[in-house]
Amino acid sequence: MIEKHIVIEDIDPVMLYGAGNAYLQIIKALYPKLRIVARDNVMRVLGDEEQMADFEENIEKLRRHVLKYNSISEEDIIDIIKGGKAKEDTTKGVVVYNISGKPIKSRSENQQKLIDAYERTDMVFAIGPAGTGKTYLSIALAVKALKEKRAKKIILSRPAVEAGEKLGFLPGDMKDKIDPYLQPLYDALEDMLPAVKLQDMMEKRIIQIAPLAFMRGRTLSDAVVILDEAQNTTTAQIRMFLTRMGWNTKMIITGDLTQVDLPKGMTSGLREAVSVLKDVEGISIVNMDERDIVRHKLVTRIVKTFSLADNSVNKQTSDKQTSDKQTS
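My aim in this report is to walk through the structure given alongside it, one point at a time. (Residues numbered from 1 in each chain as written. Predicted model: local features only at pLDDT ≥ 70, side-chain atom pairs only at ≥ 80, totals over all residues. Heavy atoms only, no water.)

### Here we look at the nonpolar core
And then number 1: Counting 38 residues, the largest nonpolar core has Ile-139, Val-143, Leu-156, Leu-189, Met-192, Ile-207 and Ile-209 as the members making the most contacts within it.
And then number 2: Excluding residues within four positions of it along the chain, Leu-156 makes contact with Ile-139, Leu-185, Leu-189, Gln-208, Ile-209, Ala-210 and Ile-226. (Core = buried A, V, L, I, M, F, W, Y, C linked by side-chain atoms within 4.5 Å. Buried < 20%, exposed > 50% of the residue type's maximum accessible area, 1.4 Å probe, protein only. Contact = heavy atoms within 4.5 Å.)

Below you can see the structure in the form of C-alpha cells.
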C-alpha cells in the first residue's frame, strides 16, 4: 500500500469533480481498490502501487481534457478511464474551446489569415470594422498559447479614449476608473476561461489588463501582448508600445480606422504605423472588411452603408478641391 498526493494544476478542480462531486464519485467507482479523498486541487490517494500508476495517468488525461475543452462529461470520464483514450478532436482549425465547450475557430478567410499570420510572424496588425472578430480571435490565440505553455503571460491593453462622450470624474480607485475602458477584454476572457481560474490568473498577474499609459518603461517578454482599439493611439503612444517587445513575445495590434475617437486634427498612430511598417520583415498586416463580420446581419449592412457614405463624401471633397484648383 502506498499513498500519493496528486495536484490538479491549470484547471478549476470543480470542473473535474463535477457538481456535488458527481464526477468524483464516478472516478471512485471505477477505482474500487483505491481510497480517494479530494480537497481543493489536491487528491489524496491510498492503495495498490500498480493501480495507483494507472489512476495517476488517467487523472492527467482527464485534466488535459478539461484544460483543452473547458468541459467534461460522464461519458468522457468512462471513455478515458475504461477505454484508455481521450476524445478525438474532429473539429479542424479550432483555436480553443469556450467555457461551454464550443469550438472557437476562424469563420472567414481573413480570420484564418489572422491565425496564419500569428503563427508565422511575431507582430500582427489586424485592421477592420466592428464585429469582424479581431479582438475575440486575438484573445483566443493568446489563451491557446498560455494553455500550451508557449507563453507565460497574457498582457492586454487599450488606450483610455472616450468614444465621443465626456465621462467626467469617475469614482473609485484606479481599477474602478479604467475598467469601463477595458470591459470588452474582460468579456472575451470570461467566455474562454472559467471564472475561478480567470480570477486566479489575474491575481497571480499571469493575465494582465491595463491601459496603454501603463506600458511605458516595461519590457514585455515571454508573453502574448494585445493592443486593442489601436486606432485611438497617437503616433508617440504606438511607437512606445511597439518598442516594449521583448524575447519570446508575440504582439497583436487591432483597430478600426473608420472609428477614430482622437481629438480633431490628431493623426491616428495606427494609420501611420501600418503605412510605415508594411514592408518590415517579421510583421504581418491583415485587412478585414464587412464580409468578415460575425455579429448580427444588421451590423454588416450598417458598416457597408456607412462605408459607401464615407466614399461619397470623400469623392465630393476631392471633386471640389480639383474644381477649386482649376478655377484658381
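### Quick look at the side chain of Asn-70
And then number 1: Among the structural elements, Asn-70 can be located in the loop between helix H3 (49–69) and helix H4 (74–83).
And then number 2: Relative accessible area serves as the criterion here: at 3%, Asn-70 is assigned to the buried category.
And then number 3: Here Tyr-97 takes part through its backbone oxygen, which lies 2.7 Å from a polar atom of the side chain of Asn-70.
And then number 4: When residues no more than four places from it in sequence are discounted, the contact partners of Asn-70 are Met-15, His-65, Tyr-97, Asn-98, Ile-99, Lys-147, Met-192 and Pro-194. (Helix = DSSP H or I, 4+ residues; strand = E, 2+ residues; numbered from the N terminus. Polar contact = N/O pair within 3.5 Å; in protein donor to acceptor, adjacent residues only side chain to side chain.)

### What to know about helix H10 (residues 269–277)
And then number 1: Listed in full, the buried residues belonging to H10 are Gly-269, Leu-270, Ala-273, Val-274 and Leu-277. All buried residues of H10 lie within an arc of 130° about the axis, which places them on one face of the element.
And then number 2: Those residues of H10 hidden inside the fold are in contact with strand E6 (123–127), helix H9 (235–242), strand E10 (250–255) and strand E11 (283–287).
And then number 3: Capping the start of H10, Ser-268 holds a side-chain oxygen 3.3 Å from the backbone nitrogen of Leu-270, two or three residues further along. (Arc of directions from axis to C-beta.)

### Examining the sheet that holds strand E3 (residues 42–47)
Paired through their backbone hydrogen bonds, the strands of a sheet run either parallel or antiparallel.
And then number 1: Taken in spatial order, the three strands of this open sheet run E1-E3-E2, and their pairing is antiparallel. Lying at the two open borders of the sheet, with one neighbouring strand each, are strand E1 (2–7) and strand E2 (35–39). Ignoring which end each strand starts from, the neighbouring axes of this sheet average 15° apart.
And then number 2: Both E1 and E3 contribute to a ladder of six bridges, which runs antiparallel. Directly across from His-5, in E3, lies its bridge partner Arg-44. (Pairing = 2+ DSSP bridges. Axes fitted to C-alpha atoms, helices over the stretch in contact; angles between N-to-C directions.)

### Describing the packing of H9 against H10
And then number 1: Two numbers describe how H9 lies on H10: the axes approach to 8 Å, and their chain directions differ by 60°. By the angle class used here, H9 and H10 are oblique. For the pair H9 and H10, the crossing hand works out as right-handed. Touching Thr-235, Ile-238, Arg-239 and Leu-242 of H9 are Gly-269, Leu-270, Glu-272, Ala-273 and Leu-277, all from H10. (Parallel < 35°, antiparallel > 145°, perpendicular 65-115°, else oblique. Left-handed = near helix turned anticlockwise from the far one by under 90°.)

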